[in-house]
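If you want the building blocks of each chain, they are given just below.
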Amino acid sequence: MTENATLTALGDALRQHQRFLILSHLRPDGDALGCQIALALCLQQLGKDVTVWNQDGMLEKYAFLPSSDLVQMPPAAPEDFEVVVALDTAARTRVGTCLQSIGAAKLWLNIDHHISNDRYGDLNYIDSSAPATGQILYELIRDQELPLTYAMADNLFIAISTDTGSFQYPATTARSFEIGAELIRAGANVGELSRQAYDSFPRRRIELMRALLNVLKFSSHGQVASFALSAAEAKRLGALPEDNEGLI
């Protein structure tokens, strides 16, 4: 399918099935995790059986999100589902090891904002004009009159806020601000969420910054600052995973 499914078709799929798996991309960000939790809570309000997997589980930096414990690493033994929903994930392979834990699924929903999305779902809804998948998910919830709880509002606010750089990136739209306001009216605790997301850091990040500042160099008459850290030192400070695939 090359054209977008309608929001009504997505809403029907969510209402008409019972057992759901919600996925997002490996090495997740706030948009991926916030969307996963928000949709899971929405489906639970509808009385659905919901499982949430991410290859990396719930990141410590986003553990403050309401119901963050819903996000689990995939099990070794495959499980069957009626519907798999992939959020903020441009290619099916980006869900990583979760694929190996899916035994069978009748339907895949693919909801995303990346222009590179290869439309791997049975129902695809890709809006590259949206700066965050959280913005698309909010529009789906409102359009289809699905439940929106305080905890969902918190998760959707973080999804949009983090992917827009706290509403500062160029892709941020007027609608992003409008949705942010609507989520605050729906109960999102913007002060506490912003404190947790932007002003609270694990010790390993502080240790990493100290190490980087110690090797900081200036060039181009003081106009360029640069630093380098070996992979071994980064691992020692907890800034690199053991597989060396990327920063966490």
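All values reported here derive from a predicted model rather than from experimental measurement.

Draft legend 1. Molecular detail of helix 1 (residues 7-16). Taken together, the buried positions of helix 1 are occupied by Leu7, Leu10, Gly11, Ala13 and Leu14. Down the axis of helix 1, the smallest arc covering the buried residues is 160°, so these residues share one side. In this structure, the buried residues of helix 1 make contact with strand 1 (19-24), helix 2 (30-45), strand 5 (102-112), strand 6 (123-126) and helix 3 (133-143).

Draft legend 2. Broad picture of helix 7 (residues 203-214). In this model helix 7 runs 17 Å from its N-terminal to its C-terminal C-alpha over 12 residues, within 8% of the 16 Å that 1.5 Å per residue would give. Buried within helix 7 we find Glu207, Leu208, Ala211 and Leu212. Down the axis, helix 7 shows its buried residues gathered within 135° of arc, on one side only. For helix 7, exposure combined with an orientation more than 90 degrees from the buried face picks out Arg203, Arg210, Leu213 and Asn214.

Draft legend 3. Spatial organisation of the packing of helix 3 against helix 5 (residues 174-185). Between helix 3 and helix 5, the least distance of the axes is 11 Å, while the angle of their chain directions is 60°. Relative to helix 5, helix 3 is oriented oblique. Remark: the crossing between helix 3 and helix 5 carries left-handed chirality. Two secondary-structure elements touch here, helix 3 through Gln135, Tyr138 and Glu139 and helix 5 through Arg175, Ser176, Ile179, Glu182 and Leu183. Across the contact of helix 3 with helix 5, the residue classes tally to three nonpolar, two polar and three charged.

Draft legend 4. Focus on the pairing of strand 2 (residues 49-53). Counting buried positions along strand 2 gives four out of five residues, so the element sits mostly inside the fold. Two strands pair when backbone bridges link them, and strand 1 and strand 2 are joined in this way by four bridges, in the parallel orientation. Paired with Ile22 across the strands is Val52, a residue of strand 2. Regarding the hand of the β-α-β motif, the stretch spanning strand 1, helix 2 and strand 2 is right-handed. Alignment of strand 2 against strand 3 (residues 71-72), held across two bridges, turns out to be parallel. Among the inter-strand pairings, Trp53 is bridged to a residue of strand 3, identified as Gln72.

So, how was this worked out
Residues numbered from 1 in each chain as written. Predicted model: local features only at pLDDT ≥ 70, side-chain atom pairs only at ≥ 80, totals over all residues. Heavy atoms only, no water. Buried < 20%, exposed > 50% of the residue type's maximum accessible area, 1.4 Å probe, protein only. Helix = DSSP H or I, 4+ residues; strand = E, 2+ residues; numbered from the N terminus. Arc of directions from axis to C-beta. Contact = heavy atoms within 4.5 Å. Expected span 1.5 Å × (residues − 1). Axes fitted to C-alpha atoms, helices over the stretch in contact; angles between N-to-C directions. Parallel < 35°, antiparallel > 145°, perpendicular 65-115°, else oblique. Left-handed = near helix turned anticlockwise from the far one by under 90°. Nonpolar A, V, L, I, M, F, W, Y, C, P; charged D, E, K, R; others polar. Pairing = 2+ DSSP bridges. Right-handed = clockwise from strand over helix to strand, strands pointing away.

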